[in-house]
Amino acid sequence: MQRRSAERLTRILDACADLLDEVGYDDLSTRAVAVRAGVPIGSVYRFFGNKREMADALARRNLERYTERVAERLKGQPGGADWRAALDAVLDEYLAMKRTAPGFSLVDFGNQIPVGARHGEPNHRVADRLTDLLSGHLPRDPDDDLRRTFLVAVETADTLVQLAFRVDPAGDERIIAEMRELLRAYLGRVLD
């Protein structure tokens, strides 16, 4: 029973992600998600009260998948390895999801729903998750100062990635290169 419920939830979130890419957030409806997922509308409402809750759940799932992808990339790097390589893994996986994961360009980790709204809470979650995930690859222990530094880095990267994808739907590589340089310089003052 739990496995079927989890599979149904996955189908609902997958349908939500696909429809976000196709119709956008404003035209997304729980009914359309139910039809696309092949489930009764009541199943959607069993999990979510409205489309906002569904988009929030998709954002949380995106963060989990992102964290798993980064952790997998970092697995091949020895602890204490160059933090720059870890930073590249963090950025590369985010950009890969931005380009390929359904619905990610609108929802990512929850910052943009409703579209255009910028909320700080998701970036706090991302910064905390990255601080913990990268702690074995950093030359210092995570503390409040490091968490604040990572929050500033995440906020900066978020803004610059948004700019890169506004300039070019595939992500302007020159802006992305500038972002990497900026983040390396900013983090280098704390991590070198």
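Residues numbered from 1 in each chain as written. Predicted model: local features only at pLDDT ≥ 70, side-chain atom pairs only at ≥ 80, totals over all residues. Heavy atoms only, no water.

Participant: Would you mind going over the overall build of the protein chain in detail, with residue names and values included?
Facilitator: Of the regular secondary structure elements, the protein chain holds nine helices and zero strands. Relative to its length of 192 residues, the protein chain is compact, with a C-alpha radius of gyration of 18 Å against a globular reference of 16 Å. Once the C-alpha set of the protein chain is aligned to its principal axes, its extents read approximately 55 × 40 × 25 Å. Burial analysis of the protein chain (192 residues in total) assigns 46% to the buried set. Put simply, 66% of the contacts in the protein chain that link residues at least 6 apart link residues at least 24 apart. Looking at the protein chain as shown, the accessible area adds up to about 9,900 Å², and 52% of this sits on carbon and sulfur atoms. Side-chain charges in the protein chain split into 29 positive and 32 negative, and the spacing between the mean points of these groups amounts to 6 Å. (Helix = DSSP H or I, 4+ residues; strand = E, 2+ residues; numbered from the N terminus. Rg over C-alpha atoms; globule rule 2.2 N^0.38 Å. Buried < 20%, exposed > 50% of the residue type's maximum accessible area, 1.4 Å probe, protein only. Contact = heavy atoms within 4.5 Å. Areas by Shrake-Rupley, 256 points an atom, 1.4 Å probe, with all protein chains shown as cover. Lys, Arg positive; Asp, Glu negative; His and termini not counted. Charge placed at Lys NZ, Arg CZ, Asp CG, Glu CD.)

Participant: Could you give me a rundown of the pattern of salt bridges, with the residues and numbers involved?
Facilitator: Tallying each qualifying case throughout the model produces 20 salt bridges. In this structure, E64 and R129 form a salt bridge, with 2.9 Å as the shortest nitrogen-oxygen distance. Linking E64 in helix α4 (residues 51-75) with R129 in helix α7 (residues 121-134), this pair joins segments that are 65 residues apart in sequence. Put simply, R148 and D145 hold a salt bridge, and the shortest N to O gap is 2.8 Å. In this pair, R148 and D145 both sit in helix α8 (residues 144-167), three residues apart, roughly one turn of the helix. By relative accessible area, D145 is classed as partly exposed at 40%. (Salt bridge = Lys/Arg side-chain N within 4 Å of Asp/Glu carboxyl O.)

Participant: Describe the packing of α8 against helix α9 (residues 173-191), and please don't skip the residues or the numbers.
Facilitator: Each packed pair of helices is defined by two parameters, the angle between the axes and the distance between the axes. Close contact between α8 and α9 brings their axes to 9 Å; oriented N to C, the two are set at 170°. The angle between the axes of α8 and α9 places the two elements in the roughly antiparallel class. Note on element contacts: α9 touches α8 through I175, I176, M179, L182, L183, Y186, L187, V190 and L191, opposite L146, T149, F150, V152, A153, T156, A157, L160, V161, L163, A164 and V167. Grouping the constituent residues of the contact of α8 with α9 by class yields 19 nonpolar, two polar and no charged. (Axes fitted to C-alpha atoms, helices over the stretch in contact; angles between N-to-C directions. Parallel < 35°, antiparallel > 145°, perpendicular 65-115°, else oblique. Nonpolar A, V, L, I, M, F, W, Y, C, P; charged D, E, K, R; others polar.)

Participant: Explain the side chain of D172 to me, and be specific about the residues and the numbers.
Facilitator: The topology assignment puts D172 in the loop between α8 and α9. Only 3.0 Å separates the side chain of D172 from the side chain of R174, close enough to count as a polar contact. For D172, the residues in contact, after removing those within four places along its chain, are A164 and V167. (Polar contact = N/O pair within 3.5 Å; in protein donor to acceptor, adjacent residues only side chain to side chain.)

Participant: Lay out the environment of T131 with the relevant residues and their values.
Facilitator: Structurally, the position occupied by T131 is in helix α7. Setting aside anything within four residues of it in sequence, one finds T131 in contact with P142, L146, R147 and F150.

Participant: Can you tell me about α4, naming the residues and giving the values?
Facilitator: For an α-helix, the turn length of 3.6 residues means that residues three or four places apart are oriented alike. Over its 25 residues, α4 runs 36 Å from end to end, which matches the ideal 36 Å to within 8%, given 1.5 Å per residue. Among the residues of α4, those classed as buried are M54, A55, A57, L58, A59, R61, N62, L63, Y66, T67, V70 and L74. By the N-cap criterion, in which a side-chain oxygen at the helix start approaches the backbone nitrogen of a residue two or three places on, α4 is capped by N50, the distance to R52 being 3.0 Å. (Expected span 1.5 Å × (residues − 1).)

Participant: Please give an account of the nonpolar core that cites residues and values.
Facilitator: Counting 37 residues, the largest nonpolar core has Y66 and F150 as its most contacted members. Each residue touching F150, except ones within four places of it in the same chain, is listed here: A127, L130, T131, L134, L138 and L187. Judged by nonpolar contacts, the second largest core, of 22 residues, contains I12, A17, L19 and L58. (Core = buried A, V, L, I, M, F, W, Y, C linked by side-chain atoms within 4.5 Å.)

Participant: Describe in detail the side chain of T149, supporting the description with residues and values.
Facilitator: Positionally, T149 belongs in helix α8. Apart from residues lying up to four places away in sequence, T149 is in contact with Y186, L187 and V190.

Participant: Can you lay out the packing of aromatic side chains for me, pointing to particular residues and giving the numbers?
Facilitator: The final tally for this structure, using the stated rule, is six aromatic pairs. Considering the side-chain rings of Y66 and Y94, the 6.2 Å spacing of their centres and the 90° angle between planes classify their relative orientation as edge-to-face. Of this pair, Y66 sits in helix α4 while Y94 is found in helix α5 (residues 83-100), placing the two residues 28 residues apart along the sequence. Ring centres 5.4 Å apart and planes at 65° place the aromatic pair Y94 and F104 in the edge-to-face group. In this pair, Y94 sits in helix α5 while F104 sits in helix α6 (residues 104-107), placing the two residues ten residues apart along the sequence. Judged by its relative accessible area of 11%, Y94 is buried. Overall, the relative accessible area of 0% leaves F104 in the buried class. (Phe/Tyr/Trp six-rings, centres within 6.5 Å; stacked < 30°, edge-to-face > 60°.)

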